[in-house]
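Structure assessment
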Amino acid sequence: MENHITLEIIEQASPPETPSLIKYISSNELEDFDEFDSEFPSPNSKESEETYNHQRKPSISVSMPLCYKETQLQSLNNNNNKNVSFSGENVIIRDDLASGIAMSEPPRQSKFKSQPMPKGVAFQQDGYQTGKANRNHNQPGIKMFRDKRFDSFKTWSGGGLERQLSILRGKEPIGNAQDGNNVTRSFDRALPVDRYFDALEGPELETLKSSEEIMLPHDKQWPFLLRFPVSSFGICLGVSSQAILWKTLATSPTTEFLHITPKINLILWYISAVLIATIFAVYILKLLFYFEAVRREYYHPIRVNFFFAPWIALLFLALGVPPSITKNLHQSLWYILMAPILFLELKIYGQWMSGGQRRLSKVANPSNHLSVVGNFVGALLGASMGLIEGPIFFFAVGLAHYTVLFVTLYQRLPTNATLPKELHPVFFLFVAAPSVASMAWAKIQGSFDYGSRIAYFIALFLYFSLAVRINFFRGFKFSLAWWAYTFPMTGAAIATIRYSNQVPNIVTKSLCIALALISTFTVMALLLSTILHAFVFRDLFPNDIAIAISDRKRKPHKHWLGFRYGSQDSKEIENYLKFVNTDDSSLDDSTPQPSSNDTDHNLPK
Amino acid sequence: MKINMECSQSNIELVIIEKNITNHNNQKSTSLMFTKRSLIRSITCILKKLHAGYFRISLSFGGQALLWKTLIDPTNDTSKSRHVLSMLPSSVFIVLWSMSLFILALLSLLYLLRCLFFFKMVKEEFLHHVGVNYLFAPWISWFLLLQSAPFIAPKTITYLILWWVFTVPVVVLDVKIYGQWFTKGKRSFLTTVANPTSHLSVIGNLIGAQAAAEMGWKESAVCLFSLGMVHYLVLFVTLYQRLSGGDRLPALLRPVFFLFFAAPGVASLAWESIVGDFDTLSKMLFFLSLFLFMSLVCRPALFKRSMRRFNVAWWAYSFPVTVLAMASTNYAQQVKGTVSHILMLILLALSVLVSFSLTLFTLLNSKMLLPDNDPIASILIV
């Protein structure tokens, strides 16, 4: 197999002449590798030279067994060949490393013991590699094969069920049982938040950096549930806040002159109720079937805030309930709705206070406002239901944490990795908290007093300072999360209506109408874009890259072309080891010297 | 003759002395000299190890005394539970108060001696980012005892004089420490020195404000209150941000995280004393304190490392819970209802339980109270 040196280059910017270069180097390296043979047989060393990203791009066919750097280290540590690679499919077998870099096919011409492919832990395969891969092992079929790639994200029960089915069908590849363990083990630990910062970029941390790869196929469309992000709950927020706006317009004394019919509120309320129910149902399905994906969203520094969105949407629904349906809601409903928010808060604010890697100075971003605004919405609902103590409780907690968040975001600390450099619709979330807080305080106190006015004016100021910079809100890729950014505008409009109830004059009334029009217009425009993307472009739910980032960084290809050893490698190892948990104790042993030289050759490209 | 000493050096000395004078006739006087010397040695040993953190004990006892005074005092809370609690005999309370006074007096005396003889050590404490905050602890304890004193009524001249005696050092320390936060160089920036024990400076101001309000001196009360609150705001934000490089707290000192909810609790009590009843701001501060308490209690892993061996930092658990119990008592008085009274009972029980168990632990582990390798002392003593 040493003779087959057709390599598969897996790199974005792989220049056409690279294959030969690699070939050349690899044959040279053979001699140098002799000293490392002691730990593993020479065929491995050859593979070690060709380390590839597991992100497959269109590439040259492969017949050389490949192996990953980690695998190399793994074998170093375990002194066995279990992690050896495979044939051309760039699949790497890893026996217990958690990253889920897994592979599924036994090597085509491999002479070494290979880890049989873990059923659940398939790696992404390139489109036309699939066929080759299929040839090599008893894959039941394309469908089964493709499912396997997503099995790593499936809930254990889902994956196990499939395995049972395949066993029954008699098509189970060897070593499945082991791999099952590997799967669960690989996803037992949380991705450190640093990984998200390193691998993703962009204002919503959605775009993959060019040096990173993802664990799921890049080119295939993933199952719908995997593509359904938690930020879809933003739609519920946007629509239900509109329902509240039209209810307020219809029932407020100052806007009586407009003669808004309450039917608009009714229709919007029904639409939002249906929408919330649907999105809840879909997300619960995702929770049941792809728990791992949900977990990764929870660990994402921006998406975690959207876990508050469903509960806030339910609160909005309760706030916007049309008078024709019911005038008074039962008080226990408030306790039921606030309980999840309380639990989430205890967890997340506690993380801010005591979490090492998720401390606020590092992860603060405008989406954190979603965590804080839930308190104020709950206070508003409770106060309008007639409760007294509960709303004050949530108002106090929200106010304290809002102060912290506000100061942190305004500081734009250099240690803060998540703040978007350019202006982005997410900044509108700044307006949300003060406007809802002003309404909540007005309801608690009974009238729109000075405290409410202070909060309201702060909200208005922030709104205008963003609105005049509207030019800078250009050039962003549409995403479903944008719906979440419309509710602050609606909130500001509603707060203005309440303020004008207290201080009715021509300025406030015109402000009411202007803000209400702007918010309605924005929602309409967003609705149009959504429909456009859904039916015309068909990319409303693109592959959710953010949840599929790998566990460790890949160094870019060009590095290993330079014969740089030493510090480069030890840094690489450090980087690599930094993201490996202590339960991978075997890897920790890999720090000693011989490995550092190997890894140079094993540098992924 | 074997004298059990904690300091290793003293053993050798005594042995030598003993050898030299074994053949003398005046053994009686030598034995007297031994006991005197051994006493001096033991006291010196204690003085060397007694840092300001030991005032946590007096803080806890003072807090308990104030709590029971609040419960025994006549109140317009007509609920049954409160009625039952107020039936506690006042003699028990007087015993508790005397015990607190004794402990505080002893600690103060020892610390005074430490200042006199080992001033250098005290100075090092002052320069340390954790130790400096505990310099507020004695004054807070004295304030607590003053407020809970059974025989000094708030409007008397004794109260006034004592109030001044305790407030002046607090204000002086304030000026020094707060001024340092925003004027002095790199090492004293708030971002580098902020840690949960900094709440003690805030608590000092707030307790002074409460004591002043009890006297009827509303203006000074509001002055101290605003001082405390504005620095609390800054501190709260800074600690929540957890800027890297700051907040270097050893794992053994994790119990001081409880001070996070002590500060708003004391603020709630102080505001209530100023305004006269438990109004919305007091409620909000109480709720914030309650939320932070729940948040910390849900994270036992944070305290695991510090709970392995008994050390005096464990006493940091007691005072904050006591303050929260006091605030809940006042809250239940204002908001008559079953839920608030149940909350009050739970917190009261917790506070008594914590204080009692800590006392028990200390008595059982009295040797470890002044350990040779106290984590704080080892930081302070270079």
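Residues numbered from 1 in each chain as written. Chains lettered and ligands numbered in written order. Predicted model: local features only at pLDDT ≥ 70, side-chain atom pairs only at ≥ 80, totals over all residues. Heavy atoms only, no water.

Here we come to the overall build of chain A. Looking only at helices and strands, chain A has 25 helices and 2 strands in total. Residues classed as buried in chain A amount to 62% of the 605 residues present. Look at the contacts in chain A between residues 6 or more apart in sequence, and 76% of them connect residues 24 or more apart. Surface exposure of chain A reaches about 22900 Å², of which carbon and sulfur atoms provide 63%. (Helix = DSSP H or I, 4+ residues; strand = E, 2+ residues; numbered from the N terminus. Buried < 20%, exposed > 50% of the residue type's maximum accessible area, 1.4 Å probe, protein only. Contact = heavy atoms within 4.5 Å. Areas by Shrake-Rupley, 256 points an atom, 1.4 Å probe, with all protein chains shown as cover.)

Right, let's get into the overall build of chain B. Regarding its fold elements, chain B presents 16 helices and 0 strands. Of all 382 residues assigned to chain B, the portion counted as buried reaches 55%. Within chain B, contacts between residues separated by at least 24 positions form 81% of all contacts whose residues are at least 6 apart in sequence. Only carbon and sulfur atoms are counted for the fraction: they give 69% of the accessible area of chain B, which is about 17600 Å².

In this section: the packing of aromatic side chains. Pairs of aromatic rings are described using the distance from one ring centre to the other and the angle between the two planes. All names here are of chain A. Scanning all chains against the criterion turns up 61 aromatic pairs over all chains. Arranged with centres 5.2 Å apart and planes meeting at 80°, the rings of Trp334 and Tyr335 form a pair that is edge-to-face. Note on Trp334: relative accessible area 2%, which makes it buried. Note on Phe428 and Tyr463: the rings are 6.1 Å apart at their centroids and 75° apart in plane angle, and the pair reads as edge-to-face. Here the residue Phe428 occupies a position in the loop between helix H17 (389-411) and helix H18 (429-445), and Tyr463 occupies one in helix H19 (residues 450-467), the gap between them amounting to 35 residues. (Phe/Tyr/Trp six-rings, centres within 6.5 Å; stacked < 30°, edge-to-face > 60°.)

Below, the discussion takes up helix H6 (residues 119-127) of chain B. All names here are of chain B. Those residues of H6 lying buried are Met121, Val122 and Glu125. In a view along the axis of H6, the buried residues occupy a sector of 100°, so they form one face of it. Counted as exposed and oriented over 90 degrees from the buried face of H6: Lys120 and Leu127. (Arc of directions from axis to C-beta.)

Moving on to the interface of chain A and chain B. In this assembly, 32 residues from chain A lie in contact with 26 residues from chain B. Summing the contributions of chain A and of chain B, the shared interface buries around 2600 Å²; its carbon and sulfur component is 73%. When the area that chain A buries against chain B is broken down by residue, the three leading residues are Leu346, Met353 and Glu389 of chain A, summing to 28%. For Glu389 of chain A, the salt bridge is made with Lys283 of chain B, and the minimal N-O distance between the two is 3.1 Å. Scanning the region where chain A abuts chain B turns up 6 residue pairs in polar contact (both at pLDDT 80 or more). Of all the secondary-structure elements, those providing two or more residues to the side of chain A that touches chain B are helix H14 (331-354), helix H15 (360-363), H17 and H18 of chain A. For the side of chain A that touches chain B, the per-class residue count stands at 17 nonpolar, 11 polar and 4 charged. (Buried area = accessible area lost by both parts, 1.4 Å probe. Salt bridge = Lys/Arg side-chain N within 4 Å of Asp/Glu carboxyl O. Polar contact = N/O pair within 3.5 Å; in protein donor to acceptor, adjacent residues only side chain to side chain. Nonpolar A, V, L, I, M, F, W, Y, C, P; charged D, E, K, R; others polar.)

The next point concerns the nonpolar core. One finds Phe153, Leu237 and Phe395 of chain A together with Ile203 and Leu296 of chain B to be the most contacted residues of the largest nonpolar core, which totals 260 residues. For this core, the leading source of residues is H18 of chain A, giving 12 residues. In contact with Phe153 of chain A, not counting residues within four places along its chain, are Met215, Leu216, Leu226, Phe289, Tyr290, Phe291, Glu292, Ala293, Arg296, Ile547 and Ala548 of chain A. (Core = buried A, V, L, I, M, F, W, Y, C linked by side-chain atoms within 4.5 Å.)

On to the pattern of salt bridges, then. Residue and element names in this part refer to chain A. In the structure shown here, the tally under the stated rule is 7 salt bridges over all chains. Taking the shortest distance from any N to any O, the salt bridge between Arg295 and Glu292 comes out at 3.1 Å. Here Arg295 pairs with Glu292, and both are found in helix H12 (residues 291-299), just 3 residues apart, close to one helical turn. The class for Arg295 is buried, based on a relative accessible area of 16%. Its relative accessible area of 7% is what places Glu292 among the buried residues. Each of the salt bridges in this network shares a partner with another, and the network as a whole consists of Lys286, Glu297 and Arg303.

Turning to the confidence of the model for chain B, a few remarks are in order. Averaged over every residue, the pLDDT of chain B is 84; the share at 70 or more is 88%. Model confidence for the complex is summarised by a pTM of 0.72, with the ipTM given as 0.80. (pLDDT = per-residue confidence, 0-100.)

Residues and elements named next belong to chain A. Applying the stated criterion across every chain, the model contains 11 cavities of 30 Å³ or more. Computed from the structure, the largest cavity encloses a volume of approximately 140 Å³. The wall of the largest cavity is formed by Val193, Tyr298, Tyr299, His300, Pro301, Val304, Ile348, Gln351, Trp352, Arg358, Val363 and Asn368. Those elements that provide at least two residues to the lining of the largest cavity are H12 and H14. With 3 residues, the single largest contributor to the lining of the largest cavity is H14. (1 Å grid on protein atoms, 1.4 Å probe; cavity = no way out; pocket = protein on both sides within 12 Å on 5 of 7 lines; lining within 4 Å. Points joined across faces, edges and corners; volume = space filled by probe spheres on them.)

Let us look at the packing of helix H16 (residues 369-385) of chain A against H17 of chain A. The description of two packed helices rests on the angle between their axes and on the distance between the axes. All names here are of chain A. The N-to-C vectors of H16 and H17 enclose an angle of 155°; their axes lie 8 Å apart at closest approach. Taken together, the axis directions place H16 and H17 in an arrangement best described as roughly antiparallel. Considering the relative orientation of H16 and H17, their crossing is left-handed. On H17, the residues touching His369, Val372, Asn375, Phe376, Ala379, Gly382 and Ala383 of H16 are Pro391, Phe394, Phe395, Val397, Gly398, Leu399, His401, Tyr402, Leu405 and Leu409. (Axes fitted to C-alpha atoms, helices over the stretch in contact; angles between N-to-C directions. Parallel < 35°, antiparallel > 145°, perpendicular 65-115°, else oblique. Left-handed = near helix turned anticlockwise from the far one by under 90°.)

Moving on to the environment of Leu387 of chain A. Residues and elements named next belong to chain A. Examined against the element boundaries, Leu387 turns out to sit in the loop between H16 and H17. As a C-alpha pair, Leu387 and Trp334 span 53 residues in sequence and 9.1 Å in three-dimensional space. Once residues within four sequence positions are removed from consideration, Leu387 is found in contact with Gln331, Trp334, Tyr335 and Gly382.

It is worth spelling out the environment of Val92 of chain B at this point. Checked against the element boundaries, Val92 of chain B lands in helix H5 (residues 90-117). Sequence spacing of Val92 of chain B and Ser355 of chain B is 263 residues, and the spatial spacing of their C-alpha atoms is 16 Å.

Turning next to the confidence of the model for chain A. Residues and elements named next belong to chain A. Averaged over every residue, the pLDDT of chain A is 70; residues scoring 70 or more account for 58%. The least confident element of chain A, judged by mean pLDDT, is helix H24 (residues 585-588) at 40; the most confident is helix H13 (residues 309-319) at 94. Segment residues 1-20 is flagged for pLDDT under 50; beyond a separation of four residues in sequence, or across chains, it makes 59 contacts in the model. Scored below 50 in pLDDT, residues 157-162 shows 6 contacts in the model against residues more than four places distant or in partner chains.

Attention shifts here to unusual backbone geometry. Residues and elements named next belong to chain A. You will see that His259, though not glycine, has its phi angle at about 55°, which is positive. Looking at the element boundaries, His259 is found in the loop between helix H10 (233-251) and helix H11 (262-289). For His259, a relative accessible area of 68% puts it in the exposed group.

Once that is clear, we can look at a nonpolar patch on the surface. All names here are of chain A. A cluster of nonpolar side chains, contributed by Met524, Leu527, Ile531, Leu532, Phe535, Val536 and Phe537, occupies part of the molecular surface with about 700 Å² of accessible area. Looking at where Met524 falls in the secondary structure, it is placed in helix H21 (residues 506-536). A residue is classified by how much of its surface remains accessible, and Met524, at 47% relative accessible area, is partly exposed. (Patch = residues over 30% accessible without salt bridge, like charges linked within 9 Å, V, L, I, M, F, W, Y side chains within 5 Å.)

Residues and elements named next belong to chain B. Compared with an ideal rise of 1.5 Å per residue, which puts 28 residues at 40 Å, H5 spans 40 Å between its outermost C-alpha atoms and is within 8% of the ideal. Among the residues of H5, those classed as buried are Phe93, Leu96, Trp97, Ser100, Ile103, Leu104, Leu107, Ser108, Leu110, Tyr111 and Arg114. Buried positions along H5 lie against helix H2 (27-49), helix H3 (55-72), H6 and helix H7 (137-148). (Expected span 1.5 Å × (residues − 1).)

Before going further, it helps to examine the side chain of Ser198 of chain B. Following the sequence through the fold, Ser198 of chain B ends up in the loop between helix H9 (190-193) and helix H10 (199-215). In contact with Ser198 of chain B, not counting residues within four places along its chain, are Asn133, Trp181, Val193 and Leu235 of chain B.

We now examine the packing of H7 of chain B against helix H8 (residues 157-183) of chain B. Residues and elements named next belong to chain B. Two numbers describe how H7 lies on H8: the axes approach to 10 Å, and their chain directions differ by 160°. The orientation of H7 with respect to H8, classified from their angle, is roughly antiparallel. Of the two possible hands of crossing, H7 and H8 adopt the one that is left-handed. Of the residues in H8, those in contact with Trp139, Trp142, Phe143, Leu146 and Gln147 of H7 are Tyr159, Leu162, Trp163, Val165, Phe166, Thr167, Pro169, Val170 and Leu173. Here the residues of the contact of H7 with H8 are counted per class, giving 12 nonpolar, 2 polar and no charged.

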